[in-house]
Amino acid sequence: DGGITQSPKYLFRKEGQNVTLSCEQNLNHDAMYWYRQDPGQGLRLIYYSQIVNDFQKGDIAEGYSVSREKKESFPLTVTSAQKNPTAFYLCATGQSGSNQPQHFGDGTRLSIL
Amino acid sequence: GDSVTQMEGPVTLSEEAFLTINCTYTATGYPSLFWYVQYPGEGLQLLLKATKADDKGSNKGFEATYRKETTSFHLEKGSVQVSDSAVYFCALSDRGAQKLVFGQGTRLTINP
């Protein structure tokens, strides 16, 4: 089946630790996105990538890093510099063309121990 | 910059009631408009979309019409079901960077 796989579903981080969230897609979409969702709030864009080996900061990139070495994969690292990392993280993909919707994974919930 | 404003929730209705969730937008140019739905603990699913003025998107009994004159894209359903309980997000596309701008979401609860 075509889709977006985010792993793990739940993740726990200790203070001062970096953690990496995985996002893999087999939809052959060029663009990939990372969003953060806090309780009762909308989605805020962290980073996005429109082609391999290129990515741009979104609205809340501080404390996060990404890489795009393969078309299928767009991992997100939450660094120790992110002081409030507890949130629901959503990965999305999209095709070229501004009238195309984005497709979302099932998310990773990150909590601090 | 571009922005989306949604009706504040939560919204609670009885089964078979009529639903309207208001959405207005501010954008330069002519964005595409989307409604997404999020069920508990899951990601977002595309519910419907409209790409130009006066287009009507529809799916699963939900409808929304792209109104350029009022910069609105209100979501409607004639008779809601308990299974429609979810969070609904209105969004527009930023054509230049192919990014989506989301509203804050509206939580809908349908009681039997």
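Residues numbered from 1 in each chain as written. Chains lettered and ligands numbered in written order. Predicted model: local features only at pLDDT ≥ 70, side-chain atom pairs only at ≥ 80, totals over all residues. Heavy atoms only, no water.

S.K.: I'm lost on the pattern of salt bridges in this one. Help?
M.R.: Pairs may arise between side chains of opposite charge once their charged atoms sit close together. Applying the stated criterion across every chain, the model contains 6 salt bridges over all chains. For D30(A), the salt bridge goes to K71(A), with nearest N and O atoms at 3.3 Å. With D30(A) in the loop between strand 3 (19-25) and strand 4 (31-37) and K71(A) in the loop between strand 7 (64-66) and strand 8 (76-78), this residue pair connects regions lying 41 residues apart in the sequence. A relative accessible area of 32% means that D30(A) is categorised as partly exposed. Of the charged contacts in the structure, one is a salt bridge between K52(B) and D55(B), with a shortest N-O distance of 3.3 Å. Owing to a relative accessible area of 52%, K52(B) belongs among the exposed residues under this scheme. (Salt bridge = Lys/Arg side-chain N within 4 Å of Asp/Glu carboxyl O. Helix = DSSP H or I, 4+ residues; strand = E, 2+ residues; numbered from the N terminus. Buried < 20%, exposed > 50% of the residue type's maximum accessible area, 1.4 Å probe, protein only.)

S.K.: What is the right way to read the packing of aromatic side chains from this model?
M.R.: Within this structure, the stated rule accounts for 13 aromatic pairs over all chains. Each ring, one from Y33(A) and one from Y48(A), has its centre 6.2 Å from the other, and the planes form 15°; the classification is stacked. Of the two residues, Y33(A) sits in strand 4 while Y48(A) sits in strand 5 (residues 43-51), which places them 15 residues apart along the sequence. Each member of the pair, Y33(A) together with Y48(A), is buried. Consider the rings of F34(B) and Y36(B), whose centres lie 6.3 Å apart with planes at 40°: the pair is tilted. Each of the two residues, F34(B) as well as Y36(B), counts as buried. Aromatic rings pair up to connect Y33(A), Y35(A), Y48(A), F104(A), F34(B), Y36(B), F89(B) and F102(B) into one cluster. (Phe/Tyr/Trp six-rings, centres within 6.5 Å; stacked < 30°, edge-to-face > 60°.)

S.K.: How should the pairing of strand 5 of chain A be read in this particular structure?
M.R.: The side chains of a regular strand alternate, first on one face of the sheet and then on the other. Residues and elements named next belong to chain A. Pairing analysis gives 6 bridges linking strand 4 to strand 5, with the strands arranged antiparallel. Paired with Q37 across the bridge in strand 5 is L43. Linkage of strand 4 to strand 5, two consecutive antiparallel strands, is achieved through a turn of 5 residues, within which G40 is found at a positive phi near 70°. Here strand 5 runs beside strand 6 (residues 54-57); their pairing, made up of 3 bridges, is antiparallel. Across the sheet, the residue bridging to Y47 is K57, located in strand 6. The turn linking strand 5 back onto strand 6 is made up of 2 residues, and N53 within it adopts a positive phi angle of 65°. (Pairing = 2+ DSSP bridges.)

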